[in-house]
Amino acid sequence: DLGKGNKIALCGYVNDDNTFSEFVLTDCNSKTNINSWGAIETCSVELDIDTLTVNEFAFLPVDNDEYQIVVWHIYKYSYNEKNEIQQKSFLNPNLPKYNQKQIEDVIKRYQNASNKIDDNCMILANKLFIGAISGNLEAKKCFLEFPNKYKGLDGALSEEYHDLEAMLGVWENDQKNK
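Residues numbered from 1 in each chain as written. Predicted model: local features only at pLDDT ≥ 70, side-chain atom pairs only at ≥ 80, totals over all residues. Heavy atoms only, no water.

Notes on the overall build of the protein chain
Alright, step 1. When its secondary structure is counted, the protein chain shows four helices and seven strands.
Alright, step 2. The order of helices and strands in the protein chain, counted from the N terminus, is β-β-β-β-β-β-β-α-α-α-α.
Alright, step 3. Projected onto the principal axes, the alpha-carbon positions of the protein chain cover approximately 60 × 30 × 25 Å.
Alright, step 4. By element, 47% of the accessible surface of the protein chain is carried by carbon and sulfur atoms, the whole surface being about 10400 Å². (Helix = DSSP H or I, 4+ residues; strand = E, 2+ residues; numbered from the N terminus. Areas by Shrake-Rupley, 256 points an atom, 1.4 Å probe, with all protein chains shown as cover.)

This is how it looks when you write it as structure tokens:
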């Protein structure tokens with residue numbers, strides 16, 4: 001309940017840690033779907049008086065080679081005076097980034113790495129992604145060249161790279177609109 005009789009329904013899967021996956025938000029007033037998230041997406045949902053917030057998580061190597069769950073995308077839903085749903089969507093402005101030394105280390109690792117396709121190459125892809133969103137053009141160049149170095153990337157590893165590629169596109173669009 002978001003006040004004044006306005007309600008949003010959440011239907012989907014509740015994970016053991018009280019996060020949500022594969023769910024849909026529905027505006028109970030108009031009986032229309034507002035947004036949905038797939039099975040591989042994990043989100044927290046918070047209600048604060050008149051605003052419903054959905055925090056979409058990403059699993060990224062923000063500290064050395066250790067992956068952490070970080071809030072990637074934030075969605076806020078509320079109702080205006082006409083009881084119409086309003087959505088604000090933005091990337092986490094406090095997303096962890098790499099410093100210059102960390103970026104230089106990642107680029108050097110990438111340049112010296114063999115072209116063997118394994119989990120280590122995907123750690124590099126993820127780290128280059130963080131370097132790219134940290135504003136480093138060389139890290140971005142290496143990230144975009146990644147499929148050329150690791151030819152034959154397929155299956156889950158290819159999907160992971162393409163997800164990062166899409167995330168970089170979202171990041172760049174967000175930065176242009178600021």
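Read on for the rest.
A few points about the layout of surface pockets
Alright, step 1. Of the voids in this model, the largest pocket is the one considered here, and its volume is about 580 Å³.
Alright, step 2. Taken together, 19 residues form the lining of the largest pocket, with Ile40, Phe57, Ala58, Asp163 and Met167 sitting closest to its centre.
Alright, step 3. Counting residues per element, the ones that place at least two in the lining of the largest pocket are β5 (51-63), β6 (66-79) and α4 (155-176).
Alright, step 4. Top element by residues in the lining of the largest pocket is α4. It accounts for six residues.
Alright, step 5. A class-by-class count of the residues in the lining of the largest pocket yields 12 nonpolar, three polar and four charged. (1 Å grid on protein atoms, 1.4 Å probe; cavity = no way out; pocket = protein on both sides within 12 Å on 5 of 7 lines; lining within 4 Å. Points joined across faces, edges and corners; volume = space filled by probe spheres on them. Nonpolar A, V, L, I, M, F, W, Y, C, P; charged D, E, K, R; others polar.)

Remarks on the nonpolar core
Alright, step 1. By size, the foremost hydrophobic cluster in this structure holds 33 residues, and its most contacted members are Leu60, Trp72, Met122, Leu128, Phe129, Ile133 and Phe146.
Alright, step 2. The biggest single contributor to this core is helix α2 (residues 119-133), with nine residues.
Alright, step 3. Those residues in contact with Ile133, other than ones at most four positions away along the chain, are Trp72, Leu95, Lys97, Leu168 and Trp171.
Alright, step 4. Counting residues in each nonpolar core, the second largest holds 13 residues, with Ile8, Phe23, Cys43 and Tyr79 among its members. (Core = buried A, V, L, I, M, F, W, Y, C linked by side-chain atoms within 4.5 Å. Buried < 20%, exposed > 50% of the residue type's maximum accessible area, 1.4 Å probe, protein only. Contact = heavy atoms within 4.5 Å.)

Some details on the packing of aromatic side chains
Alright, step 1. A full pass over the atoms with the stated rule returns 11 aromatic pairs.
Alright, step 2. Residues Trp72 and Trp171 carry aromatic rings whose centres are separated by 6.3 Å and whose planes lie at 35 degrees to one another, so their mutual orientation is tilted. Remark: Trp171 occurs in helix α4 and Trp72 occurs in strand β6; sequence separation between them is 99 residues.
Alright, step 3. Members of the aromatic cluster, connected to one another through ring pairs, are Trp72, Tyr110, Phe129, Phe143, Phe146, Tyr150, Tyr161 and Trp171.
Alright, step 4. The residue whose ring lies beneath Lys149 is Tyr110, and the NZ or CZ to ring-centre distance is 4.5 Å. (Phe/Tyr/Trp six-rings, centres within 6.5 Å; stacked < 30°, edge-to-face > 60°. Lys NZ or Arg CZ within 6 Å of the ring centre and 35° of its normal.)

Some details on α4
Alright, step 1. Spanning 22 residues, α4 covers 32 Å between terminal C-alpha atoms, matching the ideal 32 Å at 1.5 Å per step.
Alright, step 2. All of the buried residues along α4 are Leu157, Ser158, Tyr161, Leu164, Met167, Leu168, Trp171 and Asp174.
Alright, step 3. Those residues of α4 hidden inside the fold are in contact with β5, β6, β7 (85-91), α2 and α3 (137-149). (Expected span 1.5 Å × (residues − 1).)

Topic: helix α1 (residues 100-112)
Alright, step 1. For α1, with 13 residues, the first-to-last C-alpha span of 18 Å sits near the 18 Å given by 1.5 Å per residue.
Alright, step 2. The inward-facing, buried residues of α1 contact α2 and α3.
Alright, step 3. Capping the start of α1 is the job of one residue whose side-chain oxygen sits 3.1 Å from the backbone nitrogen of Lys101: Asn99. (Polar contact = N/O pair within 3.5 Å; in protein donor to acceptor, adjacent residues only side chain to side chain.)

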